[in-house]
Amino acid sequence: GAGVSQSPSNKVTEKGKDVELRCDPISGHTALYWYRQSLGQGLEFLIYFQGNSAPDKSGLPSDRFSAERTGGSVSTLTIQRTQQEDSAVYLCASSLRQQYAYEQYFGPGTRLTVT
Amino acid sequence: AQSVTQLGSHVSVSEGALVLLRCNYSSSVPPYLFWYVQYPNQGLQLLLKYTTGATLVKGINGFEAEFKKSETSFHLTKPSAHMSDAAEYFCAVTKQTSSASKIIFGSGTRLSIRP
């Protein structure tokens, strides 16, 4: 596609429910990144993929968070048993390759609200 | 380890005045440095980047930044502010190696423009 797309744009869920956030990177981009932006804070790195592999999962805050990527394209970030502190905007980005991490193109984000 | 510090979470200037957003970085290896801009309800957009070569880099919308190694700074400037510049600005750093995989972002500076 023309840019990185994310769905849903907004998600409201009850505490304890599982949610799935989707990211569709720019066509041909092999590297994909997930970030979390909490109110009043900067962007917190969560995980990145090179192809379907995730060499760096160091930013995932707990084992309730997981992500996968299939076919070297779409990625899904799953949060199990959501907590109120999970409320944030989840941003996805892609770049041509890992070595071009600085040329990241961001999607509009998914705003997650846990009630 | 790398980190970025943005001085001032909120900066307000008058339309037509100089814009100066401050960023200091910490890196044990040569850095790549960036400024991203985030307009309301939109994803991040790369404003400019320093990789190698000229230390004064020019970006979109009349912004520029200067890499000063001796001061470990990468401040963002624009000679004359426009109302459309109102947004959140993020300074970021990554490693200057082929294995760079993630960008470390600052906490952001919200720029407001007074008529």
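Remember, predicted model here, so these are calculated numbers, not experimental data.

Caption draft 1: Broad picture of the overall build of chain B. Check the secondary structure of chain B and you find zero helices and 11 strands. For chain B, the C-alpha radius of gyration of 14 Å lies close to 13 Å, the compact-globule estimate for 115 residues. Projected onto its principal axes, the C-alpha coordinates of chain B cover approximately 45 × 30 × 20 Å. A buried classification covers 45% of the 115 residues belonging to chain B. Of the contacts formed within chain B by residues at least 6 apart in sequence, a portion of 58% connects residues at least 24 apart. Surface exposure of chain B reaches about 5400 Å², of which carbon and sulfur atoms provide 51%. Charge-centre separation for chain B: the mean point of 10 positive side chains lies 8 Å from the mean point of 6 negative side chains.

Caption draft 2: How the structure looks around the pairing of strand 7 (residues 65-69) of chain A. Residue and element names in this part refer to chain A. Here strand 7 runs beside strand 8 (residues 75-79); their pairing, made up of five bridges, is antiparallel. Directly across from alanine 67, in strand 8, lies its bridge partner leucine 77. From the end of strand 7 to the start of strand 8, which pair antiparallel, there are five residues, and glycine 71 there has a positive phi angle of about 65 degrees.

Caption draft 3: Expanded view of unusual backbone geometry. Residue Pro8(A) is bonded to the preceding Ser7(A) through a cis peptide linkage, with omega at -10 degrees. Relative to the helices and strands, Pro8(A) is located in the loop between strand 1 (5-7) and strand 2 (10-13). One non-glycine residue, Arg81(A), lies in the positive phi region at around 50 degrees. If you trace the backbone, Arg81(A) turns up in the loop between strand 8 and strand 9 (88-95). Backbone geometry places Thr72(B), a non-glycine residue, at a positive phi of 45 degrees. With respect to the helices and strands, the residue Thr72(B) is situated in the loop between strand 7 (64-68) and strand 8 (73-78). You can call Thr72(B) partly exposed: its relative accessible area is 32%.

Caption draft 4: Quick look at the packing of aromatic side chains. Applying the stated criterion across every chain yields a total of 11 aromatic pairs over all chains. Ring geometry for Phe63(B) versus Tyr89(B): centroids 5.5 Å apart, planes at 45 degrees, classification tilted. With a gap of 26 residues between them, Phe63(B) in the loop between strand 6 (56-58) and strand 7 and Tyr89(B) in strand 9 (residues 87-95) connect regions that are remote in the sequence. Phe63(B) sits in the buried class, given a relative accessible area of 1%. Residue class for Tyr89(B) comes out buried when judged on its relative accessible area of 0%. Through successive ring pairs, a cluster of aromatic residues spans Tyr35(A), Phe45(A), Phe106(A), Phe34(B), Tyr36(B) and Phe105(B).

Caption draft 5: Quick look at the confidence of the model for chain B. Counting all residues, the mean pLDDT for chain B is 90, and 95% of those residues have values of 70 or more. Per-element averaging of pLDDT across chain B places strand 10 (residues 104-105) of chain B at the bottom with 88 and strand 8 of chain B at the top with 98.

Caption draft 6: A look at the interface of chain A and chain B. Listed as interface residues are 21 residues of chain A and, on the opposing side, 22 residues of chain B. Where chain A abuts chain B, roughly 1600 Å² becomes buried across the two surfaces, and 57% of that area is made up of carbon and sulfur atoms. The interface formed by chain A and chain B contains zero salt bridges. Listed by contribution, the elements that provide at least two residues to the side of chain A that touches chain B are strand 4 (31-37) and strand 5 (43-50) of chain A.

What counts, and where the lines are drawn
Residues numbered from 1 in each chain as written. Chains lettered and ligands numbered in written order. Predicted model: local features only at pLDDT ≥ 70, side-chain atom pairs only at ≥ 80, totals over all residues. Heavy atoms only, no water. Helix = DSSP H or I, 4+ residues; strand = E, 2+ residues; numbered from the N terminus. Rg over C-alpha atoms; globule rule 2.2 N^0.38 Å. Buried < 20%, exposed > 50% of the residue type's maximum accessible area, 1.4 Å probe, protein only. Contact = heavy atoms within 4.5 Å. Areas by Shrake-Rupley, 256 points an atom, 1.4 Å probe, with all protein chains shown as cover. Lys, Arg positive; Asp, Glu negative; His and termini not counted. Charge placed at Lys NZ, Arg CZ, Asp CG, Glu CD. Pairing = 2+ DSSP bridges. Phe/Tyr/Trp six-rings, centres within 6.5 Å; stacked < 30°, edge-to-face > 60°. pLDDT = per-residue confidence, 0-100. Buried area = accessible area lost by both parts, 1.4 Å probe. Salt bridge = Lys/Arg side-chain N within 4 Å of Asp/Glu carboxyl O.

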